[in-house]
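Chain by chain, the residues:
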Amino acid sequence: MRQPLTRNSFFKIFKKYVALVALPDTITPHSARATFITQAYEAGMQGEDIQRTVGHSSITTTEGYNQSAKKLRKSASLGMRY
């Protein structure tokens with residue numbers, strides 16, 4: 001009989017595949033989730049659709065993962081005052 005997948009066993013499996021494809025060992029399931037959400041926003045997906053896909057109960061949580069907004073705030077062009 002198979003056992004349910006625990007958080008710890010998922011993490012071990014995830015890390016195994018990170019190493020297998022030679023990604024940096026700093027990649028975690030959480031950072032992969034953040035990357036997915038950011039890329040979905042950058043691809044033009046609607047926030048509510050992303051929210052449903054990742055299972056967040058609040059759109060605010062989903063929007064908090066969106067790194068593209070943070071990248072934009074760090075843009076040098078926004079810091080210039082012409």
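Further up the page is the structure itself.
Residues numbered from 1 in each chain as written. Predicted model: local features only at pLDDT ≥ 70, side-chain atom pairs only at ≥ 80, totals over all residues. Heavy atoms only, no water.

**Some points on the pattern of salt bridges**
Side-chain pairing between opposite charges can occur once the charged atoms of the two side chains come close.
Move 1: In total, this model carries one salt bridge according to the counting rule given.
Move 2: Its salt-bridge partner being R52, residue D49 comes within 2.3 Å of it at the nearest N-O pair. With a gap of three residues between them, D49 and R52 both fall in helix α3 (residues 47–54), about one helical turn apart.
Move 3: Judged by its relative accessible area of 59%, R52 is exposed. (Salt bridge = Lys/Arg side-chain N within 4 Å of Asp/Glu carboxyl O. Helix = DSSP H or I, 4+ residues; strand = E, 2+ residues; numbered from the N terminus. Buried < 20%, exposed > 50% of the residue type's maximum accessible area, 1.4 Å probe, protein only.)

**Re the side chain of N66**
Move 1: Along the chain, the position of N66 falls in the loop between α4 (59–64) and α5 (67–73).
Move 2: Contacts of N66, omitting those with residues within four sequence positions, involve I37, T38 and Y41. (Contact = heavy atoms within 4.5 Å.)

**A word on the nonpolar core**
Move 1: Formed by A34, I37, A40, Y41, I50, V54 and Y65, the largest nonpolar core amounts to seven residues.
Move 2: Those elements giving two or more residues to this core turn out to be α2 (29–42) and α3.
Move 3: Looking at this core element by element, the count peaks at four residues for α2. (Core = buried A, V, L, I, M, F, W, Y, C linked by side-chain atoms within 4.5 Å.)

**Quick look at unusual backbone geometry**
Move 1: Of note in the backbone geometry, A22 takes a positive phi value of approximately 60° without being a glycine.
Move 2: Mapped onto the fold, A22 is located in the loop between α1 (7–20) and α2.
Move 3: Overall, A22 belongs to the exposed group, its relative accessible area being 64%.

**Let's talk about the packing of aromatic side chains**
Move 1: By the definition in use, this model includes one aromatic pair.
Move 2: Judged by centre distance (6.1 Å) and plane angle (40°), the rings of F10 and F14 are tilted. Here F10 pairs with F14, and both are found in helix α1, just four residues apart, close to one helical turn.
Move 3: The partly exposed category is assigned to F10, whose relative accessible area is 39%. (Phe/Tyr/Trp six-rings, centres within 6.5 Å; stacked < 30°, edge-to-face > 60°.)

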